[in-house]
Every structure is written in structure tokens, then in C-alpha cells.
Amino acid sequence: MSKFDHQDTMFLEVKDKEKTMKHLWLSFAATVSSAGALFISSILAVVGDDNCDSKLCLFAGWGLVFSAIMAVNSVIACYTNVRASSKIATARSEKDVEEKESLIQGQSVPLSSPRDYSPSQAGLIRLVSCENCVSMCMTLILLFGTMIAIIFWTRIKDAHNTSHYVMFTASLMASGAAEFYALMAKLSFLQVTKKDRNKMLLLASNLLLFAMGITLISMNSSLVSDHNMWMFHGMNAVGILCCISSVFGVLITAVSHSALSTAFLSSTALPIPYLLIEMFTLGTSFTFTFGNLWLAVVVEVRAGQRYLLTGLELNAAVGFVVCIVTFLIHSAYDEILNPRLPSAYVAEEVDVEDLDEETAKKWGDKINAGFGTRYIGAWDGHAAVSLMRTYANMLTGGAESPIPHTKGIILRIGRPVEDVEFGGDDSVAYVFVTVVEKFDLTRYVPGILGSVLGVLFGANGFLPILSLRWGLVGFQYPFHSGIFLVKSDQPKYDMVMVQRAIVNWKDTSGINCHVLMSPCYATQLDSQAFEQAHFLNLQVGPSVVVDLRRYHGLKYKEFQRVALKKGNRRNHHGFFQKKGGTVHVSRDFRDFDEEYAEVSSRLVQLTAQQRISRGESAVLVPVLPPLMQAICEEHKSEYRRIFGIRVQGDPAGTAVLFEFPAAKLITSDMQGLRHEVARPTKAYFAMLSLTVEKALEEGCDFVDFGPTTLEPKMDVGGRLIECRAGYHTRSMILRSLLKRGVEKFRSQQEEQVKRLESGDKGESDDKFTRAFRSYRLPFIESDFQVCDEDIKKRYNVEAKLVKYTDAKAVNDSRPVSEKKTKKQLNKEKRKAMKKAKKEAMRRAAEGKRNLEQGDIKAPSANPTLAPTEEGDDDE
């Protein structure tokens, strides 16, 4: 059970205890009565078939065994009913309160289990759980027995004993109903979660499926020897598949009850093999069951084929039960893998016409007041609401939409109406969802194969089976989460409930997307709630953000010297100007070009096509002229600017700068370039560097360049921010494919950091300056929407931000020796040692030379006398 499922607790509250106990005793009485009836009817059935002509006497003997099992289970039920007391319910209720408090505090709470209680209470819980397993198996077995009894009943020719067989069949059916009622009463007593109920159903159904498989194998092996019919061979194969599937099912049930349960169920690959096995078993059993039933109707029984019709009918009956059991297994397994989780909140669609200026201002104020605007990923609430209104007005859905088959939906998340006090504001979050009604998977298949698949199975193909309805919980431009949580005392709990409310809205509304995708930064609260809302939490390609907070007060040249390595400190703008380039940054898009919508759209599409040719993902929402026009005319002018460039007077590139003043954030989106013109003039680098320069001049804290083309963006001062994406889909196959599709992005961050570090080794700057390289900047506590101890340990978070100018002032006051890095000190030490060694070698050489000269001129003992030559003595 998830720690967030406080509504789905294990025990009822004390006020429901009396009602629960009433059902327990009623189910006990029903089980005892049906067991007695089954015992008596089984004896009468055996007596009524003295010669065992119909073989029903053999099965009636098993009825005696079943009645004995039910009697033993009833005795245990009587014991557990007596033991049941309010202490257990009270203990569990107190445990639920502790679990809710731990949830609010953001702690990791272990699953509730019998270990949480005293030995006597834990023993009672385990005993009742065993009863439930027995009751589940007995319910399914008695259902099977009822069908077999009906088949044998058709073989009875003695009308005098018909009443005995009617009693036997009715008692089997009543016993099954009584066991099911007992099972429901015990589950109500324990208030078992849906996941635990499905685990129990999975175990019992697989055990019964194994029994059905053995039955089919033994029965059809005998029938094949007498009647070599393909249908009997097929049912024999179905029996083998049942045994294989049931063995896998029992193993998976064991895993789901072990410590490996979370890892297994959250995996996108491990559950699939068993899913395919049981789906194949279901399809095969249905096919051959229908075949046996059809033959049983049309076959003509000849002499010597006494049991042919009986075999076909038995195969049809057993196959029918196998289909039911396999379907129950599939449903239980699917519910375990894709549970429908409750939410404390509901999602309500908001008509954009109702979102007037006054309401929009209130929404913006609440978003800004919720968690502030200083964490990485924060948006100005007023700019966010303006974007919501702009996109919702334009993206109307259907073929008539300005962006065909794309719809923008605004949701308000709040408490149910009955829970809202009169006059209170129940808004918990505001959400924007972009729905792509025809998401064509064939676009991701390169070459001729992709074109053929698109014609046959694409969104506009003959059979559009490779087209999905894709829901983006957020915006495409800028690519950002669409969940704006307002002020909350329980942020993690509320975020989980908001995400669950979005899923429930998706399941119940007419939208019904195949996939919900919710992108966010790792610094946002969304990423911490994905698992508890049963979203697939995947790491996608990192985004590049230029963090300018530490460089406020610096000129751009100083920023380059501090934040960039030496090889990236180029004057791209100057080079661009020399090549005939001009820059146009304006809030009036027409300052760039009178036909700005068509020009910008054409340039963006050129860039999008080039990215697709490199194997990158296509954008969900294409940039068409109506989109550019809507941003210019409907999105408020203080929140957007156009950044256009020309080369020799011709448009060469464009981008839209979205501004979020309260968050001191600028994002650069809808980038488009004519690469044959932009590449020789280094126009792209000029656009990036000029955006950073302008943001630094205007006092912005962040420039968000987005997740594509990482290298040039990092070279102008960007740092990589981990991005997460939550994917929710009911299809396990899609879950696996989604994970495979994003795995290739995981290594990008490591590759870029290694590239920059390798290029930084030869830099001559001191250790202090290199610590302020843009890609080295550490996180601080305010970078996270909610910063707990787990985040601090994971990301090595610092307490507060230190500006470069402040740190430099402290560094300048230190002695010179303390400023030097270890590398510099080691270099000076090696240089001194080398110098000393050279000096020693010079002195040694000089001494040796002097000794050699001494053999020619012996120095006088009296230093005042000059040395005499050898020839003087001879004279």
C-alpha cells in the first residue's frame, strides 16, 4: 500500500465495527448452512447414481471433500469472529493517523503489516488472511464444480433421481455464493487495499488455473487416444499453457509480497513477459473453447464414440472457466500494475471565456504567493495565466483548429463541492494541458519505412493504429510543467493528489488520452510526486539554464572571463556584424518583419526538419503562422519579445523571448535559422551570447535555453539542470516503449560535463576563478520548490548563494600564498627544486674543472706568492 493511500486503510474505524461484525456472523451462518447442504446433497447424488452411469457419483464424492473443507474453514471463522475486538480497529486507526502525519512531513513510511501490532493481533490478521485465500479458492472451485455438475446432469436419464441432482447442483452454487459472501465480509473487516485484494485474487486464480491445466491435460490425453481430433490436441496445448502461466503467476505473486515488490511493479520491462503469456493463454483458450462448443453442437455421435460428445462439452466447460479465470488474472494483474488511485481533489475544466482579467489577476497572485518565484523552474503567475488564456483561445481542437488536432485545456483542481465551506476558496492548483489528438508514431521511424508506415498506419493513414492521443500536462512553448500549485501546508501530499486528480479527469472525461506526459525540472515538486501518483518517473534530456545570480554587477566581458573557459570567450556578435548581420529585439514583432508570422514559422520549420534528420524527437505542436500571431496579439506585450536577425538584409533567424518578470526569468523558444546563411556568420552563437548579455544588463536571474543543442548553449555560460518527465498510461507495452525512447538522453549530462572539465584543465586561471565557472555552480536551498533532507544529500545543496563580487572581495584580502591553488604551489616547488638541482650541477662542474686545472698549475702554499713554473727549477 502506498503511504499516500491514507483513504484506503487496512481497518475500518470503530464506528463501522458493529456493522462489520454483523456481516461476519451472517456470512458464518451462510457458510455453515451451505456446507451442510452440500454434504447432504453429495450423499444423495451418490445414492442416486448407484451404477455410476453418468459418472456424477465420482464428482459428488469431491463434494463431500469440499464440504469438509468448508466446515474446517467455518470453525476457524467462528474463532476469528470471537477474537475480533475493537482494540485492533483502534490500533489500526491510530496507525493511519501516524501514517498521514508522516506523509505530510515528507517522510518515507514503511508499508503497514502485521509487524506493527502485538503478536496476538498479528496472528489474528494472518489467520484471517489465510481464511481469505481459502475462501477465494473455494469460490472459484465451486463455480467450476457447478458447471461440471450441470453437464453431468444432462446425462441423467432417470427422471426419478433428477431431484437429487438438482439439489446437488443448487448446493454447489449456494456454497460458492456463501464463500464469496464470507470473503467480502472478511475483506470488509480487514479493509484490505485494492492492491492486496488483487494479489489475493492473483494467487487463488493461478492455483485454480493450474488445476484446470492438469484437468485439461489428463482429460484430453485420454480423449486423443480414442478420438484423434485437432480440437482435443488444441485443448491439450491449452492445458500446458495454463500450467506454464499459473507457475509464472504464482512466482510473480510471491515477488509482489516480498521486498522486491516495488522494484518489480515500477519496472517497465519485468512485468511484460508474464503479461504476454497470460494474454496469449486467454486468446488460445477462448479460440479452442469456442471450437469445442461449436463441435458439440454440430457433431454426430456414431457407434463407438460414446464419450465424444461428453468430452467436447467438458472441454467447453473447462475452457469457459479457464477463460474466466484468465480474464480475472489479467484484470487483477492490470489493476496491480495500473491501479486507479483515489484523490482528495477533483479537476474541473475552466472555460477560457470565464477567465476574465480580474480572475486572471487573482490566479496570478495566488501562484506567485504559493511557493515564491525564486526556485529554478518558477514562473511569474501572471505571465503563466496569460499564456494559458492565449493557448486555450487558439488551440480549440479538431481539424478546424489553427493548429490542427491540438487542444488547450485549463483545469482548476479543488476539493469536491460537498467538502467546500460556504464562501471558501477550494482551489489547490491551476493546470494547463495540451492535448495532441493525433500523435503520429510513424514520424519517429526514419527513412522509407517510416513513410510507408505513415501511409498505412499513421495519423492520416488507412488504418491509424499507430496514432495516439497524447496529453502534455504543460506547455510546448516554453517547454514547462503545467501544474501551478498554490500555497499549501502539505505540499507533497497536495501535489500527489493533484496529479491523481488529473489522471482521474483523463479517465472520465471525453479526452481520454492514451499517454499523459508531465515534464518538469528536478528542482520542482512534480518530480517528487510522480511515483505516488503512479506516473513513470524518467530522466530525460537535461535543460540548459544560464544562472546569472552570482554575476550581478559584472559587465559582460567580466562575466565571460569568470564564467567561461578561455576558449569560449569569443566576440560572436562582432564577428556576426562584420559578416553583414543585424539584430532586432523588440516587443513589436513587426519591427523585425511585417510578415513576421510567416517568416518565423518558415524558419522554425527549417530548424525542426534538421533536428529530425539528426534523429532528435519531433515537437508535439508545430509552429505555424497562427501560433506566432496569437503570441504577438493575445499574449501580453510585457511578457514577450521577438529576437530576429538578418544577414545582408534577409531574415536569417528568429526566436521568441518569453519573459517572467516576477521570477526574473527569460526563456528563448521557437528558434529558427536558415543554416546555409547562419552557419558561416555564426548567427546562432551570436543570438545565444546576445541573449545572455541582455539578460545580464537587465538584472535577470535566469536564462532558460531549453533541452536541445546543449554544447553551444553551455559554451555561452549555461549549466545543465536535470529534467524529469512523468508518463502515465494504462498500457504496459507503451510504458516499456516510453522508457526505451528516453534512455538515450541519460548520458548527455555526463558527456557535456566531461567535455568542459577536460577543456578546463589547461586554464591558467586560479582556483577561485575556476570555482565560478558556470557549469560548476552548486545548488542552493532556494533553488528547490521544496528542499528536504533527501534533496540536500542527493545534490550536495549549499545553504545560501554567494555572489562573485562578494567572494572576490574576501579572496583579495587573503595572503597571496593562501590564494594559490595546490597545483600552483606544486608547480613552484618543482621549479625551485629544478633550479636548485641546476645550481648544484653547475657548482660540481666548476669544481671538477678547477681540479683538472690543478695538474698544470699547482697553487702555492703561500697565497701571497705567485705559482712558479717548472722551468725555473731547472735553471
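Scroll up for the structure.
I will try to describe carefully the structure that is included in this document. (Residues numbered from 1 in each chain as written. Predicted model: local features only at pLDDT ≥ 70, side-chain atom pairs only at ≥ 80, totals over all residues. Heavy atoms only, no water.)

## With respect to the pattern of salt bridges
No. 1: Taken as a whole, this structure holds 25 salt bridges when the rule is applied.
No. 2: One continuous salt-bridge network, built from bridges that share partners, spans Asp547, Arg549, Arg550, Arg719 and Asp783. (Salt bridge = Lys/Arg side-chain N within 4 Å of Asp/Glu carboxyl O.)

## A short note on the side chain of Thr681
No. 1: Tracing the backbone shows Thr681 in helix H20 (residues 675-681).
No. 2: Judged by relative accessible area, Thr681 falls into the buried class, the value being 5%.
No. 3: Separated by 3.1 Å, the side chain of Thr681 and the backbone oxygen of Ala678 make a polar contact.
No. 4: Setting aside chain neighbours within four positions, we find Thr681 in contact with Phe575, Phe576, Lys579 and Val647. (Helix = DSSP H or I, 4+ residues; strand = E, 2+ residues; numbered from the N terminus. Buried < 20%, exposed > 50% of the residue type's maximum accessible area, 1.4 Å probe, protein only. Polar contact = N/O pair within 3.5 Å; in protein donor to acceptor, adjacent residues only side chain to side chain. Contact = heavy atoms within 4.5 Å.)

## Considering the nonpolar core
No. 1: In terms of nonpolar packing, the biggest core is built from 73 residues, with Tyr391, Trp470, Leu627, Phe658, Met670 and Tyr727 touching the most fellow members.
No. 2: In contact with Phe658, not counting residues within four places along its chain, are Leu387, Tyr391, Tyr477, Pro478, Ile631, His635, Tyr639, Leu665, Ile666, Thr667, Asp669 and Met670.
No. 3: Within the second largest apolar cluster, 42 residues are counted, among which are Met687, Leu688, Leu696 and Leu710. (Core = buried A, V, L, I, M, F, W, Y, C linked by side-chain atoms within 4.5 Å.)

## Overview of the packing of helix H6 (residues 194-226) against helix H10 (residues 308-337)
No. 1: Running from amino to carboxyl end, H6 crosses H10 at an angle of 155 degrees, the nearest separation of the two axes being 9 Å. On the basis of the axis angle, H6 is roughly antiparallel to H10. Along this stretch, H6 crosses H10, giving a crossing that reads as left-handed.
No. 2: Looking at the contact of H6 with H10, its residues break down into 18 nonpolar, seven polar and three charged. (Axes fitted to C-alpha atoms, helices over the stretch in contact; angles between N-to-C directions. Parallel < 35°, antiparallel > 145°, perpendicular 65-115°, else oblique. Left-handed = near helix turned anticlockwise from the far one by under 90°. Nonpolar A, V, L, I, M, F, W, Y, C, P; charged D, E, K, R; others polar.)

## Details of a negative patch on the surface
No. 1: On the surface, Asp588, Asp591, Glu594, Glu595 and Glu598 cluster together to form a negatively charged patch.
No. 2: For Asp588, the position within the fold is in the loop between strand E10 (581-586) and helix H18 (596-613).
No. 3: According to the relative accessible area criterion, Asp588 is partly exposed, its value standing at 36%. (Patch = residues over 30% accessible without salt bridge, like charges linked within 9 Å, V, L, I, M, F, W, Y side chains within 5 Å. Areas by Shrake-Rupley, 256 points an atom, 1.4 Å probe, with all protein chains shown as cover. Lys, Arg positive; Asp, Glu negative; His and termini not counted. Charge placed at Lys NZ, Arg CZ, Asp CG, Glu CD.)

## Some thoughts on the packing of aromatic side chains
No. 1: Overall, the coordinates contain 20 aromatic pairs when judged by the stated rule.
No. 2: Taken together, a centroid distance of 5.2 Å and an interplanar angle of 50 degrees make the contact between Phe779 and Phe784 tilted.
No. 3: Ring pairs connect the aromatic residues Trp379, Tyr391, Phe432, Phe475, Phe484 and Phe660, which therefore count as one cluster.
No. 4: If you follow Arg646 out to its NZ or CZ, it ends over the ring of Phe592, 5.1 Å from the centre. (Phe/Tyr/Trp six-rings, centres within 6.5 Å; stacked < 30°, edge-to-face > 60°. Lys NZ or Arg CZ within 6 Å of the ring centre and 35° of its normal.)

## Section: a nonpolar patch on the surface
No. 1: There is a patch of nonpolar side chains on the surface, built from Ile448, Val452, Val455, Leu456, Phe462, Leu463 and Ile465 and spanning about 730 Å² of accessible area.
No. 2: Within the secondary structure, Val452 is located in helix H13 (residues 447-457).
No. 3: Given the relative accessible area of 40%, Val452 is considered partly exposed.

## As for the packing of H18 against helix H19 (residues 625-633)
No. 1: Taken N-terminus to C-terminus, the directions of H18 and H19 make an angle of 125 degrees; their axes are 8 Å apart at the nearest point. Of the possible angle classes, the one that applies to H18 and H19 is oblique. The crossing of H18 and H19 is right-handed. Where H18 approaches H19, its residues Tyr596, Ala597, Glu598, Ser600 and Ser601 are matched on the opposing element by Pro625, Met628, Gln629, Cys632 and Glu633.
No. 2: Class assignment of the residues belonging to the contact of H18 with H19 gives a composition of five nonpolar, three polar and two charged.

## Considering helix H14 (residues 491-508)
No. 1: The end-to-end C-alpha distance of H14, which contains 18 residues, comes to 26 Å, matching closely the 26 Å that a straight helix rising 1.5 Å per residue would cover.
No. 2: Burial analysis of H14 places 15 of its 18 residues in the buried class, the great majority of the element. (Expected span 1.5 Å × (residues − 1).)

## A look at the environment of His552
No. 1: Mapping His552 onto the fold places it in the loop between strand E9 (536-547) and helix H16 (556-563).
No. 2: Taking the C-alpha atoms as reference points, His552 and Tyr804, 252 residues apart in sequence, are found 8.2 Å from one another.
No. 3: A distance of 2.9 Å separates a polar side-chain atom of His552 from the backbone oxygen of Cys700.
No. 4: Looking at His552, its side chain comes within polar contact range of the side chain of Asp701, at 3.4 Å.

## With respect to a positive patch on the surface
No. 1: Residues Lys827, Arg830, Lys831 and Lys835 make up a contiguous surface patch of positive charge.
No. 2: You can call Arg830 exposed: its relative accessible area is 54%.

## Some words on the environment of Val455
No. 1: Position of Val455 relative to the elements: it lies in helix H13.
No. 2: A sequence separation of 13 residues divides Val455 from Thr442, and the C-alpha atoms of the two residues are 9.1 Å apart.
No. 3: Setting aside its immediate chain neighbours within four residues, Val455 contacts Gly461 and Phe462.

Read these as layout, nothing more, since geometry by itself doesn't imply function.
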